[in-house]
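# Overview (structure and organization)
Here's the letter readout for the chains.
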Amino acid sequence: MFTGIISDVGRLVARNGTRFRIESRYDPAGLIEGASIACDGCCLTLARLSEGAGPGAVFEMDVSNETSARTTLGAWTEGTRINLERSLSFGSELGGHLVTGHIDGLARIRERRSDGESVRFVLEAAAELAHLIAAKGSIALNGVSLTVNEVEGASFGVNVIPYTLAHTTWGDRKPGDLVNLEVDLLARYVERIASGRVASGRDEPRQDHCP
């Protein structure tokens, strides 16, 4: 599990088939092989760890063909900057919202405009995900926990504050870019429960009567 609070911005330094090599500022002593790291919101397993040219760690991750096809990872090239977050540990501060690292789909940025010191983005989600996005709800975009400002059909808006722009890759994002989208975990379960009731014919609330 993750929180959507980015702890580093890494860089893809090599790609050999489905093996990705990522450079970070993480202390190598604090990482172990087999650990989970969210890369632009996608939960991946640290397969091999080594020290880089600088003080940070360089690690390798295996990316399946399924993940490459359904996320932005398939389009990554050498030099791509990546939002990184290490997995949540018990007792850690939950600064964003609960994020699984399982990408639901992609969203495309339709508009970017200044909003005071912040930047307002308007994005469009796939039709099958749009109904799971709610105004004032949470959403993870490229691994960053954000609040949805408004929703209109498949389009929705988010506001990105200056700190987030400076400490994640969102300062680089522009109209036309695709980003990884994970809907709020609660929305998934609500949909599942509602779908189960409709499928079983139990779409009406149960009435309990006292004798």
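Overview of the structure. Each chain has its residues counted from 1, running along the sequence as written. Totals for whole chains, interfaces and linings use every residue, but because this is a predicted model, local features are given only for residues with pLDDT of at least 70 and side-chain atom pairs only at 80 or more, for both listing and counting. The side-chain figures draw on all heavy atoms in the structure; neither hydrogens nor water molecules are used.

## As for the overall build of the protein chain
In this text, helices come from DSSP runs of H or I with a minimum length of four residues, and strands from runs of E with a minimum of two, each type numbered from the N-terminal end. Helix and strand counts for the protein chain come out as 4 helices and 12 strands. Here the protein chain, with 211 residues, has 41% of them falling under the buried criterion. What makes two residues a contact is simply this: any of their non-hydrogen atoms within 4.5 Å. Taking all contacts inside the protein chain whose residues are at least 6 apart in sequence as the whole, residues at least 24 apart take part in 67%. Calculation of accessible area relied on Shrake-Rupley with a 1.4 Å probe; when residues are assessed, cover is drawn exclusively from the protein chains displayed. As displayed, the protein chain has an accessible area near 11,700 Å², and 50% of this comes from carbon and sulfur atoms. A 1.4 Å probe rolled over the protein chains alone gives each residue an accessible area, and that area as a share of the maximum for its type sets the label: buried under 20%, exposed over 50%, partly exposed in between.

## Observations concerning the pattern of salt bridges
Between Lys or Arg on one side and Asp or Glu on the other, a salt bridge is scored when a side-chain nitrogen of the former is within 4 Å of a carboxyl oxygen of the latter. Across all of its chains, the model carries 14 salt bridges by this definition. Ionic pairing is found between Glu60 and Arg48, a salt bridge with its closest N-O pair at 3.5 Å. In this pair, Glu60 is assigned in strand 5 (residues 57-62) and Arg48 in strand 4 (residues 42-51), connecting sequence segments 12 residues apart. Overall, the relative accessible area of 42% leaves Arg48 in the partly exposed class. One network of salt bridges, with partners in common, ties together Arg19, Arg21, Arg48, Glu60 and Asp62.

## Looking at unusual backbone geometry
With phi around 50°, Asp40 is a residue other than glycine that occupies positive phi space. Structurally, Asp40 can be placed in the loop between strand 3 (36-39) and strand 4. A positive phi angle, near 50°, is found at Asn142, a position not held by glycine. Within the secondary structure layout, Asn142 lies in the loop between strand 9 (138-141) and strand 10 (144-152). Looking at Asn142, the relative accessible area reads 3%, which means it is buried.

## Observations concerning the sheet that holds strand 6 (residues 81-86)
DSSP bridges decide pairing: two strands pair if at least two such bridges lie between them. Pairing is antiparallel in the closed barrel, where 6 strands are placed in the order 1-2-5-4-3-6. The average angle at which neighbouring strand axes cross in this sheet is 45°, direction not considered. Summarising the sheet, strand 1 (residues 8-16) and strand 2 (residues 19-23) pair through 5 bridges and their orientation is antiparallel. Across the sheet, Ala14 pairs through a bridge with Arg21, a residue of strand 2. Between the N-to-C directions of two axes lies an angle of 0 to 180 degrees, each axis being a line fitted to C-alpha atoms and, for a helix, fitted only over the stretch in contact.

## Observations concerning the environment of Gly116
Note on placement: Gly116 falls in the loop between strand 7 (105-115) and strand 8 (118-125). According to the relative accessible area criterion, Gly116 is exposed, its value standing at 67%. Between the alpha carbons of Gly116 and Pro162 there is a distance of 9.8 Å; along the sequence they are 46 residues apart.

## Here we look at the packing of aromatic side chains
Side-chain rings of Phe, Tyr and Trp (the six-membered ring for Trp) are treated as a pair once their centres are within 6.5 Å; stacked means planes under 30 degrees apart, edge-to-face means over 60, and tilted covers the remaining angles. Counting across every chain of the model gives 2 aromatic pairs. Here Phe20 and Trp76 contribute two aromatic rings whose centre-to-centre distance is 5.9 Å and whose plane-to-plane angle is 50°, an arrangement assigned as tilted. Of this pair, Phe20 sits in strand 2 while Trp76 is found in the loop between helix 1 (65-70) and strand 6, placing the two residues 56 residues apart along the sequence. Relative accessible area serves as the criterion here: at 6%, Trp76 is assigned to the buried category.

It is worth stressing that arrangement in space is one thing and function is another; only the former is reported here.
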